[in-house]
Amino acid sequence: MDFTFSEEQQAAAEAAAGVFADVAPDGVPSPADTTGAVAEDFDRALWARLAEADLLSLLIDEAYGGAGLDAIALCLVLRESAKVLARVPLLESSAAAATVQAYGGEELRSALLARAGRGDLVLTVAANGRTGHDPAELAVTARRDGDRWVLDGVQTAVPWAYGADLVVVPAHTDADRTVLALVAPDREGVVLAEQISTTGERLAELRLESVPIARVDVIDAEGAWEWLRDLLTAGTCALSLGLGTAVLRMTGEYTSRREQFGFPVATFQAVAVQAADRYIDLRAMEATLWQAAWRIAWDAPGALPAAADLAVAKIWAAEGVRRVVQTAQHLHGGFGADTDYPLHRYHAWAKHLELSLGPAAAHEEALGDLLAAHPLG
């Protein structure tokens, strides 16, 4: 299997590394310093720099001012963003715009894509359902009313909702289909209730009470929600990989400097073995991520549906990022809990990503169901 990236993909990753080089992880607002939200909004200055570097339009076609790249390029950029805990809705806005492009009507594409690529329009996605444990597409109902749709329901833990211009909301119809509605948070009938993530960032419970949505703002194409959900999953795995990579590097640097009995603790066998195990976790996270992203980007065939590759990637990402930060805390000792040191921030963000991906056991069960339904010859 060849995971060599194209020149365009590598250029996107290098451009992202350049932009994020100015972000200091120890300057990211810490959830340990407050009982409420760490900030009212995301990092608008960083968002503007990403727009200037054309990193908000990676997946948007050239006809709308974008680069026309694929999910792999987006995951490369997301990996760089997580290394510095970038406080921007890069995943959600990019994935939503890509879904509008792939499944929306021309009127909707013309109205949104160029603005989203410039950073003038911020999109997010309500993908966690009513409780965080049930399917997101069942948490909201959509019914036709003349030439519009009417939405009712609740979605929990919507990221960046307070700073977004539009929220993409999956909704269930009477015909047992899922549509995607683009909802403005300040629209009549929409209520946001503040929720706080483990990172200290503001999430929102999104309540919809008979909210009318124009037909042009609803995507009813078959497969749109599934594609968006898969892209969000791959992107979350990329964030986990980037965060884990930064934490393992931080741990290696610390244990190389920290001495006991006159020797760097990195030279002790017990420390080296734990670090080696976490390196193996990261390599597994990396391989499974790129396999899943490749299946999404190219709609590539395989012995199993792409959902199987995504399940494997989620298993490794959810478990791997947790193991990496826990080992890092252990090897840092009490220094890892120092709020003047960035490790506790990475730990909080890792927990958020782990919860976003869901328990590995659930993905293993899903993988088992796929194997049972598609026996390998």
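Residues numbered from 1 in each chain as written. Predicted model: local features only at pLDDT ≥ 70, side-chain atom pairs only at ≥ 80, totals over all residues. Heavy atoms only, no water.

Trainee: Hey, could you go over the packing of aromatic side chains for me, with residue numbers and the actual values?
Mentor: All told, the structure shown has 6 aromatic pairs when counted by the stated rule. Consider the rings of F5 and W290, whose centres lie 5.0 Å apart with planes at 75°: the pair is edge-to-face. Placement of F5 in the segment before α1 (7-20) and of W290 in helix α7 (residues 269-298) is noted, with a sequence separation of 285 residues between them. Owing to a relative accessible area of 22%, F5 belongs among the partly exposed residues under this scheme. Residue classification places W290 among the buried residues on the basis of a relative accessible area of 4%. A network of ring pairs unites the aromatic residues F42, W47 and W160 as a single cluster. The ring of Y279 has R283 sitting right over it, with the charged end atom 4.8 Å from the ring centre. (Phe/Tyr/Trp six-rings, centres within 6.5 Å; stacked < 30°, edge-to-face > 60°. Helix = DSSP H or I, 4+ residues; strand = E, 2+ residues; numbered from the N terminus. Buried < 20%, exposed > 50% of the residue type's maximum accessible area, 1.4 Å probe, protein only. Lys NZ or Arg CZ within 6 Å of the ring centre and 35° of its normal.)

Trainee: Please provide a residue-by-residue account of the state of the cysteines, values included.
Mentor: Summed over the entire model, instances satisfying the criterion amount to 0 disulfides. Note on C75: no disulfide assigned, nearest cysteine sulfur contributed by C237 at a separation of 8.1 Å. Residue C75 is classed as buried on the basis of its relative accessible area of 1%. (Disulfide = S-S within 2.5 Å.)

Trainee: Explain the packing of helix α6 (residues 224-257) against helix α8 (residues 306-332) residue by residue, including any values.
Mentor: For any two helices packed against each other, one specifies the inter-axial angle together with the distance between the axes. Where α6 meets α8, the closest approach of the two axes is 9 Å, and the angle between their N-to-C directions is 25°. In terms of their interaxial angle, α6 and α8 are classed as roughly parallel. Regarding α6 and α8, the two cross each other, and that crossing is left-handed. (Axes fitted to C-alpha atoms, helices over the stretch in contact; angles between N-to-C directions. Parallel < 35°, antiparallel > 145°, perpendicular 65-115°, else oblique. Left-handed = near helix turned anticlockwise from the far one by under 90°.)

Trainee: Tell me what's going on with unusual backbone geometry, and back it up with residues and numbers.
Mentor: In this model, S210 sits at a positive phi of 50°, which is unusual for a non-glycine residue. S210 sits in the partly exposed class, given a relative accessible area of 44%. Unlike most non-glycine residues, F261 shows phi in positive territory, near 55°. Relative to the helices and strands, F261 resides in the loop between β9 (259-260) and β10 (263-264). Given a relative accessible area of 75%, F261 falls into the exposed group.

Trainee: I'd like a description of the packing of helix α4 (residues 90-103) against helix α5 (residues 106-118), backed by residues and values.
Mentor: Two elements in contact, α4 and α5, have axes whose closest approach is 10 Å; the angle formed by their N-to-C orientations is 150°. Looking at the two axes, α4 sits roughly antiparallel to α5. Where α4 crosses over α5, the two elements pack in a sense that is left-handed. Note on element contacts: α5 touches α4 through L108, R109, L112, L113 and A116, opposite A97, V100 and Q101. By residue class, the composition of the contact of α4 with α5 is 6 nonpolar, 1 polar and 1 charged. (Contact = heavy atoms within 4.5 Å. Nonpolar A, V, L, I, M, F, W, Y, C, P; charged D, E, K, R; others polar.)

Trainee: Describe the side chain of R109, naming the residues involved and giving the relevant values.
Mentor: The residue R109 is located in helix α5 in this model. For R109, a relative accessible area of 18% translates into the label buried. Here E106 takes part through its side chain, which lies 2.7 Å from a polar atom of the side chain of R109. In contact with R109, not counting residues within four places along its chain, are Y64, V100, Q101 and G104. (Polar contact = N/O pair within 3.5 Å; in protein donor to acceptor, adjacent residues only side chain to side chain.)

Trainee: So what's going on with helix α3 (residues 71-83)? Residues and values would help.
Mentor: The end-to-end C-alpha distance of α3, which contains 13 residues, comes to 19 Å, matching closely the 18 Å that a straight helix rising 1.5 Å per residue would cover. α3 sits mainly inside the fold: 13 of its 13 residues count as buried. The backbone nitrogen of I72 lies 3.1 Å from a side-chain oxygen of the residue at the head of α3, namely D70. A positive phi of about 60° marks L85, the residue just after α3. (Expected span 1.5 Å × (residues − 1).)

Trainee: Give a description of the pairing of strand β6 (residues 190-196) that names residues and reports values.
Mentor: The sheet contact formed by β6 and strand β7 (residues 202-214) spans 7 bridges and is antiparallel. Counterpart to L192 in the pairing with β7 is L206. Following β6, the chain reverses through 5 residues before pairing antiparallel with β7; G200 in that reversal takes a positive phi of roughly 90°. (Pairing = 2+ DSSP bridges.)

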